[in-house]
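Per-entry structural report
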Number of protein chains: 2
Amino acid sequence: MQPLKYIGMMFPLWLAISANAAPSIQSEPIQPIPKAVIKNPAMVELGKKLFFEPRLSKSGFISCNSCHNLSTGGSDNLSSSIGDHWQQGPIRSPSVLNSSMNVAQFWDGRAKSLQEQASGPIANPKEMASNHVLALDVLRSIPAYVNEFDKVFGNKNVSMPQVTKAIAAFEETLVTPDSRFDQWLKGNKKALNAQELRGYQTFKTAGCVACHNGPAVGGNSFQKMGLVAPYQTSNPAQGRAGVTGKDADRMSFKVPSLRNVALRAPYFHDAGAPTLEAAVSTMGKLQLGRDFNQQEVGDIVAFLHTLTGKQPQIVLPILPASSNNTPHPTPFN
Amino acid sequence: MQPLKYIGMMFPLWLAISANAAPSIQSEPIQPIPKAVIKNPAMVELGKKLFFEPRLSKSGFISCNSCHNLSTGGSDNLSSSIGDHWQQGPIRSPSVLNSSMNVAQFWDGRAKSLQEQASGPIANPKEMASNHVLALDVLRSIPAYVNEFDKVFGNKNVSMPQVTKAIAAFEETLVTPDSRFDQWLKGNKKALNAQELRGYQTFKTAGCVACHNGPAVGGNSFQKMGLVAPYQTSNPAQGRAGVTGKDADRMSFKVPSLRNVALRAPYFHDAGAPTLEAAVSTMGKLQLGRDFNQQEVGDIVAFLHTLTGKQPQIVLPILPASSNNTPHPTPFN
């Protein structure tokens, strides 16, 4: 054993040098994202297959990854998503990255968990347009899937709770640690430049952190879109009111996580802001009653760019072949 | 050095035992697929990004991988592909796997090379529905792409020949070596069972190998679909005649590779055969004038299953974010 070398590996040089000046994580409203802990690798692997499985859709063309594309920040980055027969979805697709940290799923939080969320789009006639009976018929017709479900769940039934549990287990691994901001939070003062730091200070002092806080920099509360002045939009979504039935929840949406936000313009549930600059400016006006000047907007945007973390490294799954008994996709009827 | 051990590693035990009985590769009409040799890793990596890049389509939704899905044998396995605005494509999508071994690209061979092929779908109004000017505008608006093109091609122009050259370089790596049949070809007698071997013998003696030969087990010639009796189909594709203008080339199509064929029902350019059994039976009748009996069909299908090779292991690329200047996708107009 070489005790000194060992300590050197645990505490890198920059930490030793800047320890006194390092910020305290506890005192900041944002915390670093922990790395994914994979508890059940076989279930995660099955979930990954299902996440990329186009045969869960009626057309055989749309998978979870179609609208939550892991190549592009976990979203399709369209104004609204494209569903079966090219139907226009009602809302901008939220990112699947770090979604396990959300207080609930969907913009209106109508699903309490990732598992509950996962069953929705498969059977939504405007999204994947299949139904749970057909989706299970497809999976049960493919021997390699039946064997894999058996390995993971201990039986060959292949049920929808198993399907969604596996998808959720995979999605829980889709976290993005090690952003430059997290490196700074952990004490590496050089991880941010002066403008980015200034942006973070403005982000805090202006009150953005009131809603965008915690490890996901949001995702943990519902807030009214248009708190100080009403939000102008032609999108009919009314947010949380559709779930609670309360008029007071009209235009209340889940605060989106700002992690990796630089990867996924356009912004807001209706994609009303084409750029980060526009989004920051509008948020200042409508939520905080504040007109950020050009430098403040630029500083905050610079800070937001530091929230882009290490993207999950996904080896594309090889999906098992259909058998002669697999129901055929029907994309054109 | 331990010479004996070294030799043992080079020549595994089974080869030493069965050397006398091993088939000679030279005497077989099918040869093993060589592993991919990556000459220019940076170009291949750029090509992979472009292959998965939905922003090369007008909608921002369709990438090369949409119809040539590397999770499902390099194809979408639909009767005909889905294009922009859910348009029904005219033909079944061919697999991109081992496509570098094809004599030409597309079912009618209208593209001489993978590079020539790659430019087609981007600008085809029934496929990705963009155009080359717009596609280049998108790429040139993204600084990380401009830098990557510069690194690979030595200039920051970003041109369509560069785009298609990179995509082709990636596609050339998409080979599937080490199938059980290739293991057998290389001398491992135990790699095939009795039924599979019988199927291969029938495949040879019946004359299937006349067209399905070489490393790709096809892909290297054009043949008339319906040689002995005409092929009945409602699909209007006339094959090679559309390229050569010769009436004699009517219904002449590129013979598809049978590598990984078990992964990608349905079969034929019009997806007229839902199963491998149906495809083998129809081919026997229409191309060879032969009614395979049930055992012969089963044997040949068993042999075809041994042509599934090691699928390319693809780490999903992380695509660079759009900039404020990136043209917005327009999926709904």
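What you are looking at is a predicted structure, and each value in this text was computed from that prediction instead of being measured. (Residues numbered from 1 in each chain as written. Chains lettered and ligands numbered in written order. Predicted model: local features only at pLDDT ≥ 70, side-chain atom pairs only at ≥ 80, totals over all residues. Heavy atoms only, no water.)

When helices and strands are tallied, chain A shows 13 helices and 4 strands. For chain A, the C-alpha radius of gyration of 22 Å lies close to 20 Å, the compact-globule estimate for 333 residues. Its C-alpha atoms put chain A at 65 × 65 × 30 Å along the principal axes. Counting over 333 residues, chain A shows a buried share of 54%. Nonlocal contacts in chain A, meaning residues at least 24 apart in sequence, comprise 69% of its contacts between residues at least 6 apart. Averaging the coordinates of the 31 positive side-chain charges in chain A and doing the same for the 23 negative ones gives two points 5 Å apart. (Helix = DSSP H or I, 4+ residues; strand = E, 2+ residues; numbered from the N terminus. Rg over C-alpha atoms; globule rule 2.2 N^0.38 Å. Buried < 20%, exposed > 50% of the residue type's maximum accessible area, 1.4 Å probe, protein only. Contact = heavy atoms within 4.5 Å. Lys, Arg positive; Asp, Glu negative; His and termini not counted. Charge placed at Lys NZ, Arg CZ, Asp CG, Glu CD.)

This paragraph deals with the environment of Lys39 of chain A. The topology assignment puts Lys39 of chain A in the loop between α2 (13-18) and α3 (41-51). Distance in space between the C-alpha atoms of Lys39 of chain A and Ala123 of chain A is 29 Å, their sequence separation being 84 residues.

Glancing now at the UniProt feature "binding site: heme c 1" (unreviewed entry) in chain A. Within this numbering scheme, the UniProt entry marks Cys64, Cys67 and His68 of chain A as carrying the feature "binding site: heme c 1" (unreviewed entry). By secondary structure assignment, the location of Cys67 of chain A is in helix α4 (residues 64-67). Residue classification places Cys67 of chain A among the buried residues on the basis of a relative accessible area of 14%. Residues within four places of Cys67 of chain A in sequence aside, it is in contact with Gly74, Ser75, Asp76, Ser81, Ile82 and Ser93 of chain A together with Phe61 of chain B. Along the polypeptide, His68 of chain A turns up in the loop between α4 and β1 (82-83). (UniProt positions renumbered as here; feature names shortened; annotations may be inferred.)

Below, the discussion takes up the interface of chain A and chain B. Every contact between the two is made by 43 residues of chain A and, on the other side, 42 residues of chain B. Interface area for chain A against chain B, summed over the two sides, is near 3500 Å², with a carbon-plus-sulfur share of 71%. On the chain A side of the interface with chain B, the three residues burying the most area are Phe61, Trp86 and Phe332 of chain A, jointly 25% of the side's total. Taken together, chain A and chain B are joined by 0 salt bridges. Counting across the interface, chain A meets chain B through 10 residue pairs in polar contact (both at pLDDT 80 or more). Elements with a minimum of two residues in the side of chain A that touches chain B: α4, β1 and β2 (87-88) of chain A. Here the side of chain A that touches chain B is composed, by residue class, of 23 nonpolar, 17 polar and 3 charged. (Buried area = accessible area lost by both parts, 1.4 Å probe. Salt bridge = Lys/Arg side-chain N within 4 Å of Asp/Glu carboxyl O. Polar contact = N/O pair within 3.5 Å; in protein donor to acceptor, adjacent residues only side chain to side chain. Nonpolar A, V, L, I, M, F, W, Y, C, P; charged D, E, K, R; others polar.)

Turning to helix α8 (residues 160-171) of chain B, a few remarks are in order. Residue and element names in this part refer to chain B. End to end, α8 covers 16 Å across 12 residues, agreeing with the expected 16 Å (1.5 Å per residue, within 8%). Most of α8 sits inside the fold, with 10 of its 12 residues counted as buried. Listed as buried for α8 are Met160, Gln162, Val163, Thr164, Ala166, Ile167, Ala168, Ala169, Phe170 and Glu171. On its buried face, α8 is in contact with α3 (41-51), α4 (64-67), α5 (114-123), α6 (132-140) and α7 (143-153). (Expected span 1.5 Å × (residues − 1).)

The next thing to look at is unusual backbone geometry. Comment: phi is negative for the bulk of residues other than glycine, and the bulk of peptide bonds are trans. Residue and element names in this part refer to chain A. Here the bond from Ala265 into Pro266 is cis, since omega is 0°, no more than 30 degrees from zero. Note that Pro266 resides in the loop between β4 (252-254) and α12 (276-288). Non-glycine residue Met251 carries a positive phi angle of around 65°. Take Met251: it is sitting in the loop between α11 (241-244) and β4. Met251 sits in the buried class, given a relative accessible area of 12%.

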